[in-house]
Amino acid sequence: MYRLDDFMAGIERKNPSEPEFIQAVREVVESVIDTVNDNPKYIQNRILERITEPDRVISFKVEWEDDDGNIRVNRGYRVQFSNVLGPYKGGLRFHASVTEGTMKFLAFEQTFKNALTTLPMGGGKGGSDFSPKGRSDKEIMRFCKAFMTELYKYIGPDTDVPAGDIGVGGREIGYLYGQYKKIKTENTGVLTGKGFGWGGSRIRPEATGFGTMYFAENMLHENGETMQGKRIAISGFGNVAWGAVMKASQLGAKVVTISGPDGYIYDENGINTPEKWAFMLQLRAANNDVVKPYAKRFGADFIPDKKPWEVPVDLAFPCAIQNELDEKDASSLIGNGVKYVIETSNMGCTDKAIELFRKNHILFAPGKAANAGGVAVSGLEMSQNAMHYHWSAEEVDEKLKGIMKSIHSECVKHGATDGGYIDYAKGANIAGFCKVADAMCDQGF
Ligand code: 2IT
């Protein structure tokens, strides 16, 4: 018999000063502990101990030269968490906040998320504490090339397939892929999120944002509602927020906020035109980490140093970074009548915020379910690369919709409670965990 607090005390001892990893593990173990205790196979196979320990954590030095000729040193990481279901798969994050603990939490989450997609992918994550903010295009290229000069040793199309995450988009994937090819002379699908002209998949840039809206649509339908006319708050302004804003508008909803580290934009008219979407891409490409210029360009309000969760909305989509939405934000959303919170950043809500949503019966979708569309289309990119073929945008979009629908059904199946409330977080954790755990039992240790 496992007890949550005893098990977590062991995790805390083993992973000191990694609060995000401990938080991610606690969320999963809390959800699955009854399932584990009811299943002698999981106990005998020591699944809880084994599933919370990464296969390996790789850290390496990245040396590069800035535009003024100074030599810079950053730390690079790749955490290969689990390859039980397939090659390690997960993004690369370039952000000042990156630490070994961040990488471990993201790789752990990725393992269950990838399991939920039903595609054959294990879990991994990588990145660096390099901050692209304020860096020129040439500096980014030099950094990416130096990073890949180390990373290439550990990856391969059937071993470990990285992709983008915060600070790593199409531009960065291009430089990373270019360097991999220079070293290996190999045109393989070793990275996903590639440009369409050189092996990338249609819809991959949009996939995380589209996927989270498809997931939300499924939640609404489950509740007898539709997206039409709903007011939506979104945080962030990068790749994920961009896809989400576009799809929400296409589905007839009105997105009234986006945000950056400098504050948030309130656009009463809705962020609903191709010009506004294109401007978001410009903001991201400028590497300044600000959203304020949107306000001037489109006559919207800019609220400095605040988060968008004070705006009354029907649905909220945190799309920026871990723990961006806390207890206070949750209270203000609930006070303003929010009905659905769809976590789209990885672990975007604190545990106290989630507790409040549960207590108030606000439907809460966890990131590992709602944002799985990104990695799902990465999985489809791997399939297309392996076939030396590509599918049309319509074909990929249809597959993405099907995958999000099936993840939603899994959450409902495992997360339904007696009172009728659906605990999506619990459902996602149980569904993802059992898939990995069963495969571990099958494969031995
Ligand atoms: O968090 C994520 O799922 C991603 N950053 C995408 C990973 C991927 O391999 O496409």
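Check the entry above for the structure.
Because the structure is a prediction, the values reported are computed rather than measured.

**Some words on the overall build of the protein chain**
- A tally of helices and strands in the protein chain yields 17 helices and 12 strands.
- For 445 residues, the compact-globule estimate of 2.2 N^0.38 gives 22 Å, and the protein chain sits close to it at 21 Å.
- For the protein chain, the C-alpha atoms occupy an extent of roughly 60 × 55 × 45 Å along the three principal directions.
- Restricting the contact set of the protein chain to residue pairs at least 6 apart, pairs at least 24 apart contribute 72%.
- Here the protein chain displays about 17700 Å² of accessible surface, and carbon together with sulfur accounts for 49% of that area.
- Across the protein chain, the 53 positively charged side chains and the 58 negatively charged ones have centroids separated by 3 Å.

**Topic: the sheet that holds strand β5 (residues 160-163)**
- On the basis of which strands lie adjacent, the open sheet formed by 5 strands has the order β1-β2-β4-β3-β5 and mixed pairing. With partners counted over all chains shown, the strands left at the sheet margins are β1 (56-65) and β5, one partner each. Averaged over all neighbouring strand pairs, the angle between strand axes comes to 20°, with direction disregarded.
- Bridging between β1 and strand β2 (residues 71-82) involves 10 bridges; their strand directions are antiparallel. Across the sheet, the residue bridging to Glu65 is Ile71, located in β2.
- The strands that helix α6 (residues 137-151) touches are β1, β2, β3 (88-94), β4 (123-128) and β5; relative to β1, the one it contacts most, it runs at about 140°.

**With respect to the sheet that holds strand β9 (residues 301-304)**
- Taken together, the 7 strands give an open sheet; going across it, the order is β9-β8-β7-β6-β10-β11-β12, and neighbouring strands pair in mixed fashion. Bordering the open sheet on either side are β9 and β12 (363-365), each of which pairs with just one other strand. The average undirected angle you get between the axes of adjacent strands in this sheet is 15°.
- With 4 bridges joining them, strand β7 (residues 254-260) and strand β8 (residues 263-266) adopt antiparallel strand pairing. Looking at the pairing, Ile258 lines up with Ile265 of β8.
- Here helix α9 (residues 239-250) sits on the sheet and contacts β6 (231-234) and β7; the angle it forms with β6, its principal contact strand, is near 175°.

**A short note on the packing of aromatic side chains**
- Taken as a whole and assessed by the stated rule, the structure comprises 23 aromatic pairs.
- Judged by centre distance (5.1 Å) and plane angle (70°), the ring pair of Phe94 and Phe147 falls under edge-to-face. Of this pair, Phe94 sits in strand β3 while Phe147 sits in helix α6, and the two are 53 residues apart along the sequence. Considered together, Phe94 and Phe147 belong to a single accessibility category, that of buried residues.
- Joined through ring pairs, the aromatic side chains of Phe60, Trp64, Phe94, Phe130, Phe143, Phe147 and Tyr154 make up one cluster.

**Examining the site of the ligand**
- Around the ligand sit 14 residues in total, of which Lys89, Lys113, Asp165, Arg204 and Ser378 are the nearest.
- Contact between the ligand and Gly164: a nitrogen atom at 3.0 Å from a main-chain N or O atom of the residue.
- Asp165 has a polar side-chain atom sitting 2.9 Å from a nitrogen atom of the ligand.
- Protein chains shield 94% of the accessible area of the ligand, which is 300 Å² for the free molecule.

**Details of unusual backbone geometry**
- Even without glycine at this site, Asn287 takes up a positive phi of about 60°.
- Looking at where Asn287 falls in the secondary structure, it is placed in the loop between α10 (274-285) and α11 (292-298).
- Here Asp289, not a glycine, exhibits a phi torsion of approximately 60°, which is positive.
- Inspection of the secondary structure puts Asp289 in the loop between α10 and α11.

**What to know about a negative patch on the surface**
- Taken together, Glu30, Glu327, Asp351 and Glu355 make up a surface patch of like negative charges.
- Take Glu30: it is sitting in helix α2 (residues 19-37).

**Describing the packing of α9 against α10**
- Across the interface, α9 lies against α10 with an axial gap of 10 Å and an inter-helix angle of 175°. Overall, the two elements α9 and α10 adopt an arrangement that is roughly antiparallel. Contact with α9, carried on its side by Ala241, Trp242, Val245, Met246 and Ser249, involves Trp277, Met280 and Leu281 of α10 and no other residues of that element.
- Classifying every residue of the contact of α9 with α10 gives 7 nonpolar, 1 polar and no charged.

**With respect to the state of the cysteines**
- With the rule as written, the count across this model stands at 0 disulfides.
- Here Cys434 is not cross-linked by a disulfide; its sulfur's nearest cysteine counterpart is in Cys441, at 9.9 Å.

**Some points on the pairing of β7**
- The buried fraction of β7 is high, at 6 of 7 residues.
- Pairing analysis gives 3 bridges linking β6 to β7, with the strands arranged parallel. In the sheet register, Ala233 faces β7, and the bridge partner there is Thr257.
- In textbook terms, the turn of a hairpin is the stretch between consecutive antiparallel strands, and for β7 and β8 this stretch comprises 2 residues.

Definitions and limits used
Residues numbered from 1 in each chain as written. Predicted model: local features only at pLDDT ≥ 70, side-chain atom pairs only at ≥ 80, totals over all residues. Heavy atoms only, no water. Helix = DSSP H or I, 4+ residues; strand = E, 2+ residues; numbered from the N terminus. Rg over C-alpha atoms; globule rule 2.2 N^0.38 Å. Contact = heavy atoms within 4.5 Å. Areas by Shrake-Rupley, 256 points an atom, 1.4 Å probe, with all protein chains shown as cover. Lys, Arg positive; Asp, Glu negative; His and termini not counted. Charge placed at Lys NZ, Arg CZ, Asp CG, Glu CD. Pairing = 2+ DSSP bridges. Axes fitted to C-alpha atoms, helices over the stretch in contact; angles between N-to-C directions. Phe/Tyr/Trp six-rings, centres within 6.5 Å; stacked < 30°, edge-to-face > 60°. Buried < 20%, exposed > 50% of the residue type's maximum accessible area, 1.4 Å probe, protein only. Near = heavy atom within 4 Å. Polar contact = N/O pair within 3.5 Å; in protein donor to acceptor, adjacent residues only side chain to side chain. Patch = residues over 30% accessible without salt bridge, like charges linked within 9 Å, V, L, I, M, F, W, Y side chains within 5 Å. Salt bridge = Lys/Arg side-chain N within 4 Å of Asp/Glu carboxyl O. Parallel < 35°, antiparallel > 145°, perpendicular 65-115°, else oblique. Nonpolar A, V, L, I, M, F, W, Y, C, P; charged D, E, K, R; others polar. Disulfide = S-S within 2.5 Å.

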